[in-house]
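So the chains spell out like this:
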Amino acid sequence: MKLERKIVTKSVKDAEPDDGFVDADKVTLFEMVWEITRDLWAFTGGNDAERRLQRNVVNIIRRES
């Protein structure tokens, strides 16, 4: 006896498919892409999109008496 498997997907008849289109101005779209770019650079390691101070840098402030 051969087992046949079929993939069944449930869909709503009147629903429009979500194609990912975003209707926004250029500034908003750029900000969205920049967030994605920063996240991707974080996974590459070593090259951060936003550099911060190094961990071995120390600032010493002495109190005057």
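Structural data are supplied above this passage.
The shown structure was predicted, so the numbers you read here are calculated from the model rather than taken from an experiment.

Undergrad: So what's going on with the overall build of the protein chain? Which residues, and what values?
TA: Tallying secondary structure elements over the protein chain gives one helix and zero strands in all. Total accessible area on the protein chain is roughly 8000 Å²; 53% of this is exposed by carbon and sulfur atoms.

Undergrad: Before we move on, could you go through the pattern of salt bridges and cite the residues and values that matter?
TA: Following the criterion strictly, the structure yields one salt bridge and no others. Close ionic contact of R38 with E35 constitutes a salt bridge, the shortest N to O distance being 3.7 Å. Residue R38 and its partner E35 are both found in helix α1 (residues 26-44); the two are separated by three residues, about one turn of the helix. In this structure R38 comes out as partly exposed when scored by relative accessible area, which is 28%.

Undergrad: Could you give an account of a nonpolar patch on the surface, with specific residues and numbers?
TA: Residues V22, L29 and M32 make up a contiguous nonpolar surface patch of about 210 Å² in total accessible area. On the secondary structure map, L29 appears in helix α1. The partly exposed category is assigned to L29, whose relative accessible area is 32%.

What counts, and at which threshold
- Residues numbered from 1 in each chain as written.
- Predicted model: local features only at pLDDT ≥ 70, side-chain atom pairs only at ≥ 80, totals over all residues.
- Heavy atoms only, no water.
- Helix = DSSP H or I, 4+ residues; strand = E, 2+ residues; numbered from the N terminus.
- Areas by Shrake-Rupley, 256 points an atom, 1.4 Å probe, with all protein chains shown as cover.
- Salt bridge = Lys/Arg side-chain N within 4 Å of Asp/Glu carboxyl O.
- Buried < 20%, exposed > 50% of the residue type's maximum accessible area, 1.4 Å probe, protein only.
- Patch = residues over 30% accessible without salt bridge, like charges linked within 9 Å, V, L, I, M, F, W, Y side chains within 5 Å.

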